[in-house]
Every structure is written in structure tokens, then in C-alpha cells.
Amino acid sequence: VSTQSTGSLSEQKKAEEEPPSSSSSSSHNPGSFEQLPQKTKEVFPSPFEGCKFAWNKMITERFQASHSILMSSFKPPAYKFGATYVGSKKLGPNEHYPVLISEYGGGVVQVQAIHSFTKEVQAKAVVHATDKTWSMYQGDIGYKGNDFSIQLTGVNASIINPQGIWVAHYLQSVTNKLALGGELLFQHGMGAKNAALTLGGRFRDGDSEFMVKTGEQSTNFGYYVKGNDQVECAVEFEYVKQMGESITTFGYAVDLPKGLSKFRGSIDTDWAVAGGLEKRFEA
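All values derive from a computational prediction rather than experimental measurement.

(A) Local environment of the overall build of the chain. Looking only at helices and strands, the chain features two helices and 18 strands. Counting across all 283 residues of the chain, residues that qualify as buried make up 35%. At a minimum sequence separation of 6, the contacts of the chain that also span at least 24 residues come to 32%. Accessible area for the chain stands at about 16600 Å²; split by element, carbon and sulfur atoms hold 59% of it.

As C-alpha cells, then:
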């Protein structure tokens, strides 16, 4: 069960954490390649044992503080403090830059910075620090054209001392409904070099869409449909070639606007059942 008290900046924060929708630059821009399974994934719950309480408080028009507590019978309560700053540069109705997001809890500090230099060019940096060391750092830069998107990502990567992971994404709108693209991953480290190519596409028709991603390591299919304003359903199939295992997951989400609640549930072919109820309280 998850409970939240939200301020007016919380929805804007969520919009800034995700890349802007395709309509912000062009009705034919397909979004990014890594967003292909997003519609399907958003329907499934993010299961955890226990109860989570989150409270967001507007400090100023552009600054918000957040507190969250996760309580479980399996581990001690975990508290996290977060802060979000949204800049004054406006590129759209829900697009303000730069965006700075930070969170601290359990000895781990996470910092994320997002900025759009123009409507087409956006950059993002993410840093995780643990015990006074950089446990992970990531940088992204992307370009959105009228009917395509390009993105380059580096994770723990260095140009001077070749190491880390580099990922290049490309997604092209073939028609108003069909988008095709690919992802090239290159990993250098521990005396070894590896490269992997993944191809994928998405077909969108009204309130439903079908996506596929396939590569040397795995194959993933997803189908999403919106029944009405309150109900969404999704099915995902994933096959991991190295392990020779596959799993199919069915999920649904029910939005109850009058009660400011949302329930998500899922069940897979391993008979794993998950459910989450989110309750929002207006500040």
C-alpha cells in the first residue's frame, strides 16, 4: 500500500523526470528507443513488502521538498529525504528547465540534473554516491528531430581511460503509427570488450499499442490497451536466451479519481502475484 500527499509541483516533477512527450516538438516524433516498453511497464505494480508513505511540500514556486518512509516487517523502517528544483526556462506547458532532483537515504545520495538547451537538444546527468565514493555516474544527451530521435548514454564511462558502458539509441517514425529503431551497446572493462545490437519497433493505434525488442541476449514483446478513462491492461512476454527461460506477465491498472486512488495488479506464468494500492491526499 502506498500513500501520498502531493503538492502542485509533484506532477511537474514526474513530467520532468521523463523525456517530454512527442507532441512537445512534433506530432510525428516517436520519443526515445528506451521508452518503447514504457506504456506496458507503467501498468504493472512496483511491488515491495510493507507500506510506503510519501509527503511532498511546496517551499516556493520552484522548490519542493519530499519525505518518504518505507515500513516493512522484514527490515527496519527506511527514511529518505528529497528535494526538487525547477528552473524558469519554459519550453512548453509542463516543460521548465533546468531540473535538479536529489535524494538521500540509507547512506546513499542520488542527484539528477536535466536540461534542455533547445526544444530539440536535451541532456541529463545522474550520480549515485555511497560511503564518500561515486558508485555510479551516467550522462545522456539526445536530439529530437521532426520524425526521429537519437540518444547517446555513458555509464561509468571515460574517454581518456577507455572503460564503462556506451549505448547509442535511434528511433524513426516510418508512419504516423509505426516506429522502428535500434540500440547499440558497447562495454569495455576488466580486460574485455563486448558489443550487442538490439532492434525494436512500436505500432500504435488509438488507445492501444504493440512493441517488440529483440537482440542477442533477449526478446521482449509488449501489448498495451486502454479500456476507458479508468482501466488499463497490458501483457508482456520476455525470453532470455542465455538462460533459456521465458515469462509472460499480465497486468491491469484501475484509476479511481473520486477517491484519488489507483490500484495496479499483475500475475505471471511463474504464479507470482503482485498488487499495489496508491492513495493520494490533496494538500
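Here the narrative resumes, following the displayed structure.
(B) Inspection of the pairing of strand S5 (residues 95-105) at higher detail. As judged from the nine bridges shared by strand S4 (residues 78-92) and S5, these two strands associate in the antiparallel manner. The residue bridging Lys-90 from the neighbouring strand is His-96, located in S5. From the end of S4 to the start of S5, which pair antiparallel, there are two residues. Looking at chain direction, S5 and strand S6 (residues 108-116) are connected through seven bridges and run antiparallel.

(C) Up close: the pairing of strand S16 (residues 245-256). Pairing between strand S15 (residues 231-240) and S16: 10 bridges, direction antiparallel. What sits directly across from Phe-237, in S16, is Thr-248. Here S15 folds back onto S16 in antiparallel fashion, the turn holding four residues, of which Gly-244 has a positive phi close to 65°. Where S16 and strand S17 (residues 261-268) come together, eight bridges link them in antiparallel fashion. Across the sheet, the residue bridging to Gly-251 is Ser-266, located in S17.

(D) Structural context of the pattern of salt bridges. Per the stated rule, a full pass over the model turns up six salt bridges. When the shortest N-O distance is used, the salt bridge between Glu-232 and Lys-262 registers 3.6 Å. Remark: Lys-262 occurs in strand S17 and Glu-232 occurs in strand S15; sequence separation between them is 30 residues.

(E) Expanded view of unusual backbone geometry. In this structure, the amide linkage connecting Tyr-97 to the following residue, Pro-98, adopts the cis form with an omega of -5°. Topologically, Pro-98 is positioned in strand S5. Of note, the phi angle at Asn-156 is positive, near 50°, even though the residue is not glycine. In this structure, Asn-156 sits in strand S9 (residues 148-158). Positive phi values are uncommon outside glycine, yet Trp-271 reaches one of about 60°.

(F) How the structure looks around the confidence of the model for the chain. Mean pLDDT for the chain: 86, with 89% of residues reaching 70 or above. Every residue in residues 1-26 is under pLDDT 50, and counting partners more than four places away or in other chains gives 71 contacts.

(G) Spotlight on the environment of Trp-55. Counting through the fold element by element, Trp-55 comes out in strand S2 (residues 51-58). When the C-alpha atoms of Trp-55 and Phe-281 are compared, they prove to be 9.3 Å apart, with 226 residues separating the residues in sequence.

(H) Layout of the packing of aromatic side chains. Overall, the coordinates contain six aromatic pairs when judged by the stated rule. Ring centres 6.0 Å apart and planes at 35° place the aromatic pair Tyr-143 and Phe-148 in the tilted group. The class of Tyr-143 is partly exposed, set by a relative accessible area of 39%. Relative to Phe-263, the ring of Tyr-252 has its centre 6.0 Å away and its plane inclined at 45°; by these criteria the two rings are tilted. Of this pair, Tyr-252 sits in strand S16 while Phe-263 sits in strand S17, and the two are 11 residues apart along the sequence. With a relative accessible area of 31%, Phe-263 lands in the partly exposed category. Each residue in the set Tyr-143, Phe-148 and Tyr-170 is aromatic and connected to the rest through ring pairs, giving one cluster.

(I) Expanded view of the environment of Glu-103. Within the secondary structure layout, Glu-103 lies in strand S5. Each C-alpha atom of the pair Glu-103 and Ser-66 lies 8.8 Å from the other, and the pair is 37 residues apart in sequence. Residue contacts for Glu-103: discarding those within four places in its chain leaves Lys-80, Phe-81, Gly-82, Val-108, Val-109 and Gln-110.

(J) Representation of a nonpolar patch on the surface in the model. A cluster of nonpolar side chains, Phe-203, Phe-210, Phe-221, Tyr-223, Val-235, Phe-250, Tyr-252, Phe-263, Ile-267, Trp-271, Val-273 and Leu-277, forms an exposed patch at the surface whose accessible area comes to about 1100 Å². On the secondary structure map, Phe-203 appears in strand S12 (residues 192-205).

(K) Seen up close, the side chain of Glu-209. Along the chain, Glu-209 falls in strand S13 (residues 208-215). Assessed through its relative accessible area of 5%, Glu-209 is described here as buried. There is a polar contact of 3.1 Å between the side chain of Glu-209 and the side chain of Arg-204.

What counts as what
Residues numbered from 1 in each chain as written. Predicted model: local features only at pLDDT ≥ 70, side-chain atom pairs only at ≥ 80, totals over all residues. Heavy atoms only, no water. Helix = DSSP H or I, 4+ residues; strand = E, 2+ residues; numbered from the N terminus. Buried < 20%, exposed > 50% of the residue type's maximum accessible area, 1.4 Å probe, protein only. Contact = heavy atoms within 4.5 Å. Areas by Shrake-Rupley, 256 points an atom, 1.4 Å probe, with all protein chains shown as cover. Pairing = 2+ DSSP bridges. Salt bridge = Lys/Arg side-chain N within 4 Å of Asp/Glu carboxyl O. pLDDT = per-residue confidence, 0-100. Phe/Tyr/Trp six-rings, centres within 6.5 Å; stacked < 30°, edge-to-face > 60°. Patch = residues over 30% accessible without salt bridge, like charges linked within 9 Å, V, L, I, M, F, W, Y side chains within 5 Å. Polar contact = N/O pair within 3.5 Å; in protein donor to acceptor, adjacent residues only side chain to side chain.

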